[in-house]
Amino acid sequence: MLVAQRSGERVEATRDLPDGAYACPMCASDAILKRGRVKVAHFAHAPGAVCDWAGESMRHHLAKRLLADRFRALGYTVEIEEPHLSVGRRVDVAVTVPTGDRVAVEVQDSAISVNEMQRRNRTDRGIGFFATMWVFTSSRAARLLAAQEDDEARVPNEILWVHDRYHQGVFVIDERAERMWRCNFGRIVRQGESRQWYTEDGELTGVNYPDQALKFTKTVSRTEVGFALTSRQTRYHKPGHPDFTVVFTSKQA
Ligand SMILES: [Zn+2]
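Residues numbered from 1 in each chain as written. Predicted model: local features only at pLDDT ≥ 70, side-chain atom pairs only at ≥ 80, totals over all residues. Heavy atoms only, no water.

- For the protein chain, an unreviewed UniProt entry supplies the name Competence protein CoiA-like protein and the organism Saccharopolyspora spinosa.

See below:
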């Protein structure tokens, strides 16, 4: 984690922070400052600690740190790992943009069910966020980051859901290269007659089937975007019932 408690105050991990008595905001056990020269400064639980907030990956730390730094450089107000313990939620990066809207940026480094994503979206609305933004790390979206234009790739279910729900592409962060990408997916239809096709689980099952729209294998196109945020109406917008999402804005030419 990037934030710990010291004397009742929230403190962000930095390399020049002094050693001291830090505690996990969730379980209140000791949080050990790790300054590591290569790794991003963070707090760790003692080995063997049982806490929902223990054991995050370095990618997750890097991604949250990068997002917070870039948002602050843009003048946004940022709270890292904002706790909402009454609803069992810790928002990875909570951003307040100049319009006053608050955006919950969720960095997803591992698999997650669509149900859980929908639950977090609803929870975030309930605690005052304008929108939840899903950002996938280089772990879960490795093939999308590696794809050349119009390459075919198997897309994890939750990433496809974001794509189809908002129609604004899917955001993938390359936390080491410090770049943000928007990925869009295109349908692939396999013709019948002697073509290979695949089950939903990606298993090759045979040939000579009627034309088949592949569900999880898609063409991938990628565009680099900046870190500035813009709100957009989603395709679910109805008069009187606006539905918004927030996107990373395209880089200026
Ligand atoms: Zn803890």
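### Remarks on the UniProt feature "domain: Competence protein CoiA nuclease-like" (unreviewed entry) in the protein chain
- In the numbering used here, UniProt assigns the "domain: Competence protein CoiA nuclease-like" (unreviewed entry) feature to residues 56-143.
- Between the first and last C-alpha atoms of residues 56-143 the distance is 22 Å; the span itself is 35% helix and 33% strand. (UniProt positions renumbered as here; feature names shortened; annotations may be inferred. Helix = DSSP H or I, 4+ residues; strand = E, 2+ residues; numbered from the N terminus.)

### Things to note about the domain arrangement of the protein chain
- The domain boundaries assigned to the protein chain delineate domain 1 (1-55) and domain 2 (57-253).
- The straight-line distance from the C-alpha centre of domain 1 to that of domain 2 is 28 Å.
- Contact with domain 1, which involves 13 residues of that partner, is made by 14 residues of domain 2.
- The junction of domain 1 with domain 2 conceals about 1,300 Å² of combined surface from both sides, 59% of it contributed by carbon and sulfur atoms.
- Where domain 1 meets domain 2, there are 3 salt bridges.
- E12 serves as the salt-bridge partner of R72, at 2.6 Å between the closest nitrogen and oxygen.
- There are 8 residue pairs in polar contact (both at pLDDT 80 or more) connecting domain 1 and domain 2. (Domains from an automatic or database assignment. Contact = heavy atoms within 4.5 Å. Buried area = accessible area lost by both parts, 1.4 Å probe. Salt bridge = Lys/Arg side-chain N within 4 Å of Asp/Glu carboxyl O. Polar contact = N/O pair within 3.5 Å; in protein donor to acceptor, adjacent residues only side chain to side chain.)

### Considerations on the coordination of the zinc ion
- Protein-derived coordination of the zinc ion comes from C24 (SG), C27 (SG), H45 (NE2) and C51 (SG), at a distance range of 2.1 to 2.3 Å.
- In this structure, the zinc ion is coordinated by 4 donor atoms arranged in tetrahedral fashion, with angles at the metal of 101 to 118 degrees.
- For the zinc ion, the donor residues sit on a single chain with the sequence spacing C-x2-C-x17-H-x5-C. Here the residue C27 occupies a position in the loop between β3 (22-23) and β4 (30-34), and H45 occupies one in strand β5 (residues 42-45), the gap between them amounting to 18 residues. (Donors = N, O, S within 2.8 Å, 3.2 Å for Na, K, Ca; no water. Tetrahedral: all angles 85-135°; square planar, octahedral: opposite > 155°, others 65-115°.)

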